[in-house]
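# A look at the structure
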Amino acid sequence: MSKKLVAYFSASGVTAKVAKTLASAIDADLHEILPVQKYTSADLNWTNKKSRSSVEMNDKSFRPAIANQVENMEQYDVIYVGFPIWWYVAPTIINTFLESYNLEGKVIVPFATSGSSGMGGTNADLKDSCKGAELKEGRRFSSNARAEELKAWAEKI
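Let me begin by describing the structure that accompanies this report.

What counts, and where the lines are drawn
- Residues numbered from 1 in each chain as written.
- Predicted model: local features only at pLDDT ≥ 70, side-chain atom pairs only at ≥ 80, totals over all residues.
- Heavy atoms only, no water.
- Helix = DSSP H or I, 4+ residues; strand = E, 2+ residues; numbered from the N terminus.
- Contact = heavy atoms within 4.5 Å.
- Areas by Shrake-Rupley, 256 points an atom, 1.4 Å probe, with all protein chains shown as cover.
- Lys, Arg positive; Asp, Glu negative; His and termini not counted.
- Charge placed at Lys NZ, Arg CZ, Asp CG, Glu CD.
- Buried < 20%, exposed > 50% of the residue type's maximum accessible area, 1.4 Å probe, protein only.
- Arc of directions from axis to C-beta.
- Core = buried A, V, L, I, M, F, W, Y, C linked by side-chain atoms within 4.5 Å.

### Section: the overall build of the protein
A tally of helices and strands in the protein yields five helices and six strands. When its helices and strands are written in sequence order, the protein yields β-α-β-α-β-α-β-α-β-β-α. Based on the C-alpha atoms only, the size of the protein along its principal axes is roughly 45 × 30 × 25 Å. At a minimum sequence separation of 6, the contacts of the protein that also span at least 24 residues come to 76%. For the protein, the accessible area works out to roughly 8200 Å², and carbon and sulfur atoms hold 47% of it. Across the protein, 19 positive and 18 negative side-chain charges occur, with their mean positions spaced 6 Å apart.

Next comes the structure, spelled out in structure tokens:
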């Protein structure tokens, strides 16, 4: 039996809801990825090219600092990584998270929330941050994804 972790970043609470439902449905541990500097509504204004999220997403090398770490990451075999879709990809804080650990031999499974965008280029953007791991194809879920749907998806991984 592999040990599973659901790690997630949620700027507005939508991804948190899905991540908590997933963790409960698949009996996984849960970890919220917290930025050192929390995102405000102004930071998340994607229509403002000078907003924090816009600046971060326009620089693929940007790595926002994370305030907390997963203890004993080595115990996990499968890591589900959840996030909102920003600019058709994962927010760069997800790269920060993945690059913070030795992922050799682990399975990384991205999942996302979005009002309408799909996964876009997410896996291409995350691949280099998952050195030594098997990066599975991700999936986008609606904010009201049900436990049965999430469990059925996870069982196919």
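### Observations concerning unusual backbone geometry
Not every positive phi belongs to a glycine, and D27 is a case in point at roughly 55°. With respect to the helices and strands, the residue D27 is situated in the loop between α1 (14-26) and β2 (29-32). With a phi close to 60°, N72 is a non-glycine residue in the positive phi region. Along the chain, N72 falls in the loop between α2 (52-58) and β3 (78-84). Taking relative accessible area as the criterion, N72 reaches 45% and is therefore assigned partly exposed.

### So, helix α5 (residues 147-155)
For α5, the full list of buried residues reads L150, W153 and A154. Within α5, the buried residues cover an arc of 95° as seen down the axis, which keeps them to one side. Summarising the geometry of α5, the exposed residues directed more than 90 degrees from the buried face are E148 and E155. On its buried side, α5 packs onto α1, β3, β4 (107-113) and β6 (139-141).

### With respect to the nonpolar core
In globular proteins that are soluble, nonpolar side chains generally tend to be buried together. The biggest cluster of nonpolar side chains holds 28 residues, and the ones touching the most others in it are F83, I94, F97 and L98. Elements with a minimum of two residues in this core: β1 (4-8), β3, α3 (92-99) and β4. At four residues, α3 tops the list of elements feeding residues into this core.

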